[in-house]
Amino acid sequence: MNIQSPSPIVSRPEVKHADMANAVRFLAIDAVEKAKSGHPGMPMGMADVATVLFSRFLKFDAADPAWPDRDRFVLSAGHGSMLLYALLYLTGYRDMTLDQLKAFRQWGSKTPGHPEYGHTPGVETTTGPLGQGIATAVGMALAERLLNARFGDDFVDHHTYVIAGDGCLMEGLSHEAISLAGHLRLNRLIVLFDDNQISIDGSTSLSCSDDQLARFRASGWSAWRIDGHDPETIAASIESARQNDRPSLIACRTIIGYGAPNRQGSEKAHGAPLGADEVAKTRLALNWPHQPFDVPARVAESWRRIGGRGRRARESWIERTKRLKAVSRSPFHDALNRRLPHDYAVAISRLRDRFGTERPTIATRQASQLVISAIAEALPNLLGGSADLTHSNLTQAQTQRSVRRDSFEGSYIHYGVREHAMAAAMNGVALHGGFIPYGGTFLSFADYSRPAIRLAALMGIRVIHVMTHDSIGLGEDGPTHQPVEHLASLRAIPNLLVFRPGDAVETAEAWDCALRAEANPSVLCLSRQALPTFREVAGEANLVARGAYVVVEPEGTRDVTLIATGSEVSLALEAAKLLAHDGVEAAVVSAPCFDLFRRQPQEYRAEVLGHAPRVGIEAAVEGDWSRWLGDDGEFVGMTGFGASASAEVLYREFRITPEAVALSAMRCMARSRMPARGCDVPHDENN
Ligand SMILES: Cc1ncc(C[n+]2csc(CCOP(=O)(O)OP(=O)(O)O)c2C)c(N)n1
């Protein structure tokens, strides 16, 4: 690549580059030293690149970390967190004081081991699990282009910069992500690769022979290598990348632990404090005679000015948005705002009522498609997609046009067979703001997305996963495609809402809950097979929002409570009828979201669960069910993998039938009537 002469967007800082970069370097060194843990090598190696980026290119205003048109900076190599914290401190982010740097990695500080979104202003996304940052950044760069296509350069015109290391690029996720970014030509995405050829075990040559430049180029990127310690080359390169019509990878050849005479260039600099002796030698080598955490006033002032430099750009952006014509102002503000418009509320409640009145027998994935179709127009910032299963997940409404590299006006992303990148990119879209992303795949492939789902839960962001084919009920595709442990394992992720609606009405309600949950990602687990609608709406509140509720309450005292989710709710209703023939009074509870149920007041939960013995029914492994079933309860579900056959045969063979449920209920009732010890209750081994 021919690097043009430098034409940085702002003038160079008046203080020598080396001093500016050393301020970053030594803050990182000193903080790691004080914490007695952390990663000094990466910040020391990338201080030059980061200094050029922040001082000469990055559009930001430290006074307003949330300004929508700021450039995004993602530290994908999250272990180098001190690089970011040092920059936030030096540029004047209010919460990032010197005391915070001194409290690096300590309880209650704003400087946790790895950068955490929502915890530290200025941190754009949580990083640490390698590869996530670069893939999340793809979503940010995508959101920027989508918003730009809607509102134009005056309002949306920024770049997404990433610092990623060898580790990020070794992760499989990076490949999905760069492939998607290259395909969509996300030219506002610029990755600064910390090409230091070192990871934890030693030289990257121990495990990796990839030609990274060739790899990125093959995916449609521009890619070239530079000396990552030469500020003018770095500046020229970034400028060149900004002019590019493709995403850019700048491989910055750096020395890990730059400046530490006995550690630099070695894995020894990666993840441990340098030690007092080596720190002293580094101070000598880099000519930085200052005390720990001491930044000379001249250097500090220069950095502080950089932090305030974007103020004018931000203020003029605010002025422009004020002058926006009323007709475009509202959609723009709606997009940036997190509130759901009134039209949306009308559309979803109308559809829910229609489902309740018409009571269709349809798969919940089909009900979900009807929901999407009904709300897409009222919710123009809904951004759909699927990992190449659009026609199975039923995730695209007719009005949603596909996004292409030459047209970002659409609102549906074909993520390709890249579940992990889809999940991470959706995180980036949500973090960027302007859209509510949802994306589809099969529930059995949730594991492909899991690390990104976990991060969404940790960050508390609204991302909606539509996961269809949610049990053995999918039938003939067999056990590879039949989820059995996925519900339990997703429910184990804190802060993630896992919904398994049982009919069309519940599907509409689950969607409504997911859209309103601004601080939670959600997974909608939907059936392939048709299910009868058991709910009559008649003006009721959203019952899915309570997590679990009574569908049928017997007239007399409850003898047993049947608790089911998703497709098994209608099965429980059948079982209740069988039991009624034998004079047993069974209540039926639908439990579409345990997490929401757990949040209900104790009295409500007690009322729903009742005092009678309980049977849980779910075509999946038992997981955490015992919590709801108590000692007298039983679970009817799967104990191992499924098989290839029709849904009907599978339910029969795995004994998830109304008869099996009724038998289980009888057994529980018998057991609860027995004295606590010495009871001899028949047990069906297959349950
Ligand atoms: C998914 C994941 N796997 C493993 C780790 C543990 N880890 C942290 S840093 C690192 C090595 C990264 O090497 P590189 O990106 O070259 O960083 P550098 O040594 O240059 O700082 C590893 C394996 C992690 N954070 N995330």
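Worth saying up front: this structure is predicted, and the values here are computed from it rather than measured. (Residues numbered from 1 in each chain as written. Predicted model: local features only at pLDDT ≥ 70, side-chain atom pairs only at ≥ 80, totals over all residues. Heavy atoms only, no water.)

Caption draft 1: Structural view of the overall build of the chain. Scanning the chain from N- to C-terminus turns up 26 helices and 20 strands. A compact globule built from 687 residues would reach a C-alpha radius of gyration of about 26 Å, and the chain, at 28 Å, matches this within 12%. In terms of overall dimensions, the chain has a C-alpha envelope of 90 × 60 × 45 Å along the principal axes. Element-wise, carbon and sulfur atoms account for 49% of the exposed surface of the chain, whose accessible area totals about 26500 Å². Between the mean site of the 72 positive side-chain charges and the mean site of the 80 negative ones, the chain shows a separation of 7 Å. (Helix = DSSP H or I, 4+ residues; strand = E, 2+ residues; numbered from the N terminus. Rg over C-alpha atoms; globule rule 2.2 N^0.38 Å. Areas by Shrake-Rupley, 256 points an atom, 1.4 Å probe, with all protein chains shown as cover. Lys, Arg positive; Asp, Glu negative; His and termini not counted. Charge placed at Lys NZ, Arg CZ, Asp CG, Glu CD.)

Caption draft 2: Examining the pattern of salt bridges more closely. Tallying each qualifying case throughout the model produces 34 salt bridges. As a salt-bridge pair, Arg516 and Asp512 come within 3.0 Å of each other at their nearest N and O atoms. With Arg516 and Asp512 both in helix α20 (residues 504-516) and four residues apart, the pair spans about one turn of that helix. With a shortest N-O distance of 2.5 Å, Arg667 and Glu634 are connected by a salt bridge. With Arg667 in helix α26 (residues 658-673) and Glu634 in strand β20 (residues 634-637), the pair connects residues that are 33 residues apart, well separated along the chain. Taken together, the salt bridges that share partners define one network made up of Glu144, Arg145, Asp157 and Arg188. (Salt bridge = Lys/Arg side-chain N within 4 Å of Asp/Glu carboxyl O.)

Caption draft 3: Inspection of the packing of aromatic side chains at higher detail. Per the stated rule, a full pass over the model turns up 17 aromatic pairs. On the basis of an interplanar angle of 0° and a centroid distance of 6.3 Å, the ring pair of Phe60 and Tyr93 is categorised as stacked. Here Phe60, found in the loop between α2 (41-56) and β1 (72-75), pairs with Tyr93, found in the loop between α3 (81-91) and α4 (98-102); they are 33 residues apart in sequence, far enough to count as distant. Residue Phe60 shares its accessibility class with Tyr93, and that shared class is buried. Taken together, Phe594, Phe597, Tyr604, Trp625, Trp628 and Phe635 form an aromatic cluster joined through their ring pairs. For the cation-ring pair, Arg546 lies above Tyr604, with the distance from its terminal atom to the ring centre recorded as 3.8 Å. Arg627 extends its terminal NZ or CZ atom over the ring of Trp628, reaching a point 4.7 Å from the ring centre. (Phe/Tyr/Trp six-rings, centres within 6.5 Å; stacked < 30°, edge-to-face > 60°. Buried < 20%, exposed > 50% of the residue type's maximum accessible area, 1.4 Å probe, protein only. Lys NZ or Arg CZ within 6 Å of the ring centre and 35° of its normal.)

Caption draft 4: Layout of the sheet that holds strand β6 (residues 222-227). The parallel open sheet is built from five strands, whose spatial order is β1-β2-β3-β7-β6. The outermost strands of the open sheet, each flanked by one partner alone, are β1 and β6. Taking the axes of each pair of neighbouring strands and ignoring which way they run, one obtains an average angle of 20° across the sheet. Pairing between strand β3 (residues 189-195) and strand β7 (residues 248-253): six bridges, direction parallel. (Pairing = 2+ DSSP bridges. Axes fitted to C-alpha atoms, helices over the stretch in contact; angles between N-to-C directions.)

Caption draft 5: A look at the sheet that holds strand β17 (residues 560-564). Read from one edge to the other, the open sheet built from five strands follows the order β16-β18-β17-β19-β20, with strand pairing classed as mixed. Of all the strands in the sheet, the pair left with one neighbour each is β16 (549-552) and β20. Strand-to-strand twist of the sheet, defined as the mean angle between neighbouring strand axes without regard to direction, takes the value 30°.

Caption draft 6: A look at the site of the ligand. As a structural note, the neighbourhood of the ligand is formed by 16 residues, with His79, Gly167, Asn196, Ile198 and His270 the closest of them. In the model, a nitrogen atom of the ligand is placed 3.0 Å from a nitrogen or oxygen of the Leu130 main chain. With respect to the ligand, the backbone of Gly167 contributes an N or O atom lying 2.7 Å from an oxygen atom. Coverage of the ligand by the protein chains reaches 74% of its 590 Å² of free accessible surface. For the shell around the ligand, the elements supplying multiple residues, two or more each, are α6 (166-170) and β4 (198-199). Looking at the shell around the ligand residue by residue, the classes come out as six nonpolar, seven polar and three charged. (Near = heavy atom within 4 Å. Polar contact = N/O pair within 3.5 Å; in protein donor to acceptor, adjacent residues only side chain to side chain. Nonpolar A, V, L, I, M, F, W, Y, C, P; charged D, E, K, R; others polar.)

Caption draft 7: Spatial organisation of the confidence of the model for the chain. Overall, the prediction assigns the chain a mean pLDDT of 95, with 96% of residues at 70 or greater. Between residues 1-9, whose pLDDT stays under 50, and residues either more than four places distant or in other chains, the model counts 21 contacts. This stretch, residues 677-687, has a pLDDT under 50; its non-local contacts, to residues over four places away or in other chains, come to 17 contacts. (pLDDT = per-residue confidence, 0-100. Contact = heavy atoms within 4.5 Å.)

Caption draft 8: Structural detail: the side chain of Ser219. Relative to the elements of secondary structure, Ser219 occurs in the loop between α8 (212-218) and β6. Ser219 sits in the buried class, given a relative accessible area of 15%. Once residues within four sequence positions are removed from consideration, Ser219 is found in contact with His175, Ile178, Ser179, Gly182 and His183.

Caption draft 9: Just unusual backbone geometry, in detail. If you check the backbone angles, Phe293 has positive phi at about 65° while not being a glycine. Unusually for a residue other than glycine, His469 sits at a positive phi of about 60°. Along the chain, His469 falls in the loop between β12 (464-468) and α19 (486-491). With a relative accessible area of 5%, His469 lands in the buried category.

Caption draft 10: Main features of the environment of Gln366. Take Gln366: it is sitting in helix α15 (residues 364-375). As for Gln366 and Met170, which are separated by 196 residues in sequence, their C-alpha atoms are 39 Å apart.

Caption draft 11: A look at helix α1 (residues 17-35). With 19 residues, α1 should reach 27 Å at 1.5 Å per residue; the first-to-last C-alpha distance of 27 Å fits that figure. Burial runs high along α1: 15 of the 19 residues are buried. (Expected span 1.5 Å × (residues − 1).)

Caption draft 12: Up close: the pairing of β1. Neither face of β1 is exposed, since Arg72 and Val74 on one face and Phe73 and Leu75 on the opposite face are all buried. With four bridges connecting them, β1 and strand β2 (residues 160-165) associate as parallel partners. Within the sheet, the bridge partner assigned to Phe73 lies in β2 and is Tyr161.

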